[in-house]
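Structural overview for review
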Amino acid sequence: MAEAHQAVGFQFTVHPDGVDIKLSQEVIKNIYLSGVTAWKKRAILFKRLVKMFSGRRPLLYSFQAALPRLPVPSVDDTIWRYLESVRPLLDSEQYNQMEMLAHNFREAEAAQLQRYLIFKSWWATNYVSDWWEEYIYLRSRGPIMVNSNFYIMDLLYVTPTHRQAARAGNVVHALLQYRRKLERGEHEPLRALGTVPMCSTQMERMFNTTRIPGIETDIVQHLTDRKHLVVYHKGRFFQVWLYTGGRHLLPSELETQFQRILNDTSEPQPGELKLAALTAGDRVPWARARVKHFSHGLNKTSLDAIESAAFFLSLDEEPQGYDPSTANSLDNYAKSLLHGKCYDRWFDKSFTLISYPNGKIGVNVEHSWADAPIVGHMLEYVLATDCFHLGYTEEGHCKGDVNRGLPHPTRLQWQISKECQEVIETSYLSAKQIADDVDFHGYLFADFGKGLIKKCRTSPDAFIQLALQLAQFRDQGVFCLTYESSMTRMFRDGRTETVRSCTSEAVAFVMAMEDASATNAQRLALFRKAAEKHQNMYRLAMTGSGIDRHLFCLYIVSKYLGVDSPFLKKVLSEPWKLSTSQTPQQQLNLVDINKFPQYVGAGGGFGPVADDGYGVSYIIIGENLITFHISSKFSSPDTNSSRFGQRIQKAMTDIQTLFKLENDKINGHMKCVQVANGKKHI
């Protein structure tokens, strides 16, 4: 999702001493450390295997040790596919220049860089993932709010209770159940297409995890079982214990605790109201403030409580959620989840659960530790448990007895100096400028969905991606480099790969759609060719033959070795003006949407990737609904998210019309044959 923003023009510094031999030692040291981490994981996997064979059914991590390593593609294949991907975007002169850069790279630097990657692929479990986490996420010094973090929404149509404390109580209890099953490995193993095992490593850091700011790089701090969470409400921070008598708090007990916080009328301490804005602004000022103002005394104790919490909960004051009778309700809901007020989410926590006074919820997710499907898996479980297993009383409260004897939530205490308050305000103003610039549009496409698309004998994802290309061209008048996120979790420690959706075949199809002289048959033939190309590229990305992670890692090695590569610098600086991602539905067995069609999720989204481009996330829901989340920047005179949504809707229906016209023609021909046959019998 948001990784496309970080993957453009990133920079980092290596500080080796001496000459080339020392440089080589630096990269070897880095590869060695990757391998050490990998071997530690292997030891954990062995313990899990022992546990697996002592049980009767496969556990979450049962197949981890059997997953293959991500292969390193050949340099020739990567260069060829890269040149193929940029051909429709460059004129002849530009393409010839890129061909020359690629040729020089192949002849001069490629073999040396490739050797290091092959060596790393033998030694580490994954030659990409640790560098991807470090250099794309943790070394980025800009704000992570909007630029990196993403969000996932609640159920689209259903709100099981309108009591804020009750909904938070059920959801938090369901999260604790999910965490317990996760720690015991009791969730079913993740499988692609229901059969192929997928890596579950990312799930390990879902809870008890915080991104810690640093001067040059952040770190991800993951702790063992934490027994509390921290709640933010009206500028105050509260610590809530999640256990009593050796068990989880019951939903009714959690409701009581959250209601106590909602009823609390105390005022924020000086500097407390906007404190979390430190996590929304630039990383370096936050890192320095953390060392100077939060490394001792009350401030350290309170910050430790936040950073060691199971997760972070924000009890918001303004209702949100999709309301078909209210214009822009989905837009406002998305912006609330993505950035809020810039100081009411702890953007460094693995995720912030957001609870609204009308009973709606959502999550804001820090991106470095995991990708969207991982959090989506958790939220699917939580929503199903909340609605179909825990439930509510007729009055909308959590079920169960009310325990008034629980110790009250405790306020975190702060002593925030004027100097620190100035840093907080600076971070807030910087973050607010980013948040105010987000132009968001969400809409429900209900004209047709997966059911009709499959009847057209094409992939729903390819259909949507080609519609996005058509919408992009109609909106901007030009084609652009397009990023679609694909997963590589069929490999050990796999994360994502890029599908470059703007292909020569897609361009030919779009141009035919805009050519009044093109026939329906010609357009349909070009569509099918482009869809087949897209599906093939997606398969290549999923099976370890993508090009962008390979190019990224070659660039990392070149920086370590001090090798100047004009080709790699050019490739890694190209802007993704259209960044797209599909939110998958994973646990279809949890809710029968044919029986309960209103119990569907709304998916999630992310901030704009390029200053003059679009971010588009979509979720295919059931057979007849597709939800789009579109972001751009108000400051760009060239983009408009609502307008782009209209372009997508028109593109989708125009493509569907191609198939309708073909079917009408076939049906008309069949009727003529039937009439002719009838005349013969007379």
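Residues numbered from 1 in each chain as written. Predicted model: local features only at pLDDT ≥ 70, side-chain atom pairs only at ≥ 80, totals over all residues. Heavy atoms only, no water.

1. A closer look at the overall build of the protein
- Looking only at helices and strands, one finds 20 helices and 20 strands in the protein.
- Put simply, of all contacts in the protein between residues at least 6 apart along the chain, 80% involve residues at least 24 apart.
- Accessible surface, the protein: about 28,400 Å² in total, of which carbon and sulfur atoms supply 54%. (Helix = DSSP H or I, 4+ residues; strand = E, 2+ residues; numbered from the N terminus. Contact = heavy atoms within 4.5 Å. Areas by Shrake-Rupley, 256 points an atom, 1.4 Å probe, with all protein chains shown as cover.)

2. Notes on the packing of aromatic side chains
- For the structure shown, the criterion picks out 35 aromatic pairs.
- Pairing Trp286 with Phe294 gives two aromatic rings, centres 6.1 Å apart and planes at 80°, and the pair type is edge-to-face. The pair Trp286 / Phe294 is uniform in exposure class, with both members buried.
- With a centroid separation of 5.0 Å and 90° between ring planes, the pair formed by Phe445 and Phe448 is classed as edge-to-face.
- Classification of Phe445 by relative accessible area gives buried; the value is 0%.
- The rings of Tyr232, Phe237, Trp286, Phe294, Phe312, Trp346 and Trp414 are connected pair by pair, giving a single aromatic cluster.
- Against the face of Trp131 rests Lys120, its NZ or CZ located 3.5 Å from the ring centre. (Phe/Tyr/Trp six-rings, centres within 6.5 Å; stacked < 30°, edge-to-face > 60°. Buried < 20%, exposed > 50% of the residue type's maximum accessible area, 1.4 Å probe, protein only. Lys NZ or Arg CZ within 6 Å of the ring centre and 35° of its normal.)

3. So, the pairing of strand β4 (residues 209-212)
- Side chains Thr209 and Arg211 of β4 all project onto a buried face; the interleaved residues Thr210 and Ile212 project onto the opposite face, where all are buried too.
- Direction of pairing for β4 relative to strand β5 (residues 219-222): antiparallel, over a ladder of four bridges. Bridge pairing in β5 places Ile212 opposite Ile219.
- What sits between β4 and β5 in their antiparallel hairpin is a turn of six residues. (Pairing = 2+ DSSP bridges.)

4. What to know about the packing of helix α6 (residues 129-138) against helix α18 (residues 548-561)
- Remark: α6 packs on α18, axes separated minimally by 11 Å, with the N-to-C direction vectors making an angle of 75°. As judged from the angle between their axes, α6 and α18 are roughly perpendicular. Of α18, the residues touching α6 (which contributes Trp131, Trp132, Tyr135 and Ile136) are Arg549, Phe552, Cys553, Ile556, Val557 and Tyr560.
- When its residues are assigned to classes, the contact of α6 with α18 shows nine nonpolar, no polar and one charged. (Axes fitted to C-alpha atoms, helices over the stretch in contact; angles between N-to-C directions. Parallel < 35°, antiparallel > 145°, perpendicular 65-115°, else oblique. Nonpolar A, V, L, I, M, F, W, Y, C, P; charged D, E, K, R; others polar.)

5. Here's the deal with helix α7 (residues 164-184)
- Here α7 is 21 residues long and its end C-alpha atoms lie 30 Å apart, about the 30 Å a rise of 1.5 Å per residue gives.
- Most of α7 sits inside the fold, with 17 of its 21 residues counted as buried.
- A positive backbone phi angle near 70° is found at Gly185, which sits one or two residues after α7. (Expected span 1.5 Å × (residues − 1).)

6. Side note on the UniProt feature "active site" (unreviewed entry) in the protein
- Under the feature "active site" (unreviewed entry), the UniProt entry names His367.
- At a separation of 3.4 Å, a polar atom in the side chain of His367 contacts the side chain of Tyr137. (UniProt positions renumbered as here; feature names shortened; annotations may be inferred. Polar contact = N/O pair within 3.5 Å; in protein donor to acceptor, adjacent residues only side chain to side chain.)

7. A short note on the sheet that holds strand β20 (residues 625-633)
- One open sheet holds the six strands; their spatial order is β14-β20-β19-β17-β15-β16, and the pairing between them is mixed. The two strands at the open ends of the sheet, each matched to only one other strand, are β14 (438-445) and β16 (496-500). Across the sheet, the mean angle separating the axes of adjacent strands is 20° when strand polarity is ignored.
- Relative to strand β19 (residues 614-621), strand β17 (residues 578-582) runs parallel, the two sharing five bridges. Across the sheet, Ser579 pairs through a bridge with Gly615, a residue of β19.
- Running over the sheet, helix α15 (residues 460-476) touches β15 (482-487), β17, β19 and β20 and is turned about 150° from β19.

8. Some thoughts on the side chain of Glu109
- Summarising the element assignment, Glu109 is placed in the loop between α4 (92-108) and α5 (110-123).
- No salt bridge is formed by the buried Glu109. Its closest oppositely charged neighbour is Lys569, at 10 Å.
- Here the side chain of Glu109 touches Ser565 through a polar contact of 3.4 Å, side chain to side chain.
- With sequence-adjacent residues up to four places away left out, Glu109 is seen in contact with Asn104, Val563, Asp564 and Ser565. (Lys, Arg positive; Asp, Glu negative; His and termini not counted. Salt bridge = Lys/Arg side-chain N within 4 Å of Asp/Glu carboxyl O.)

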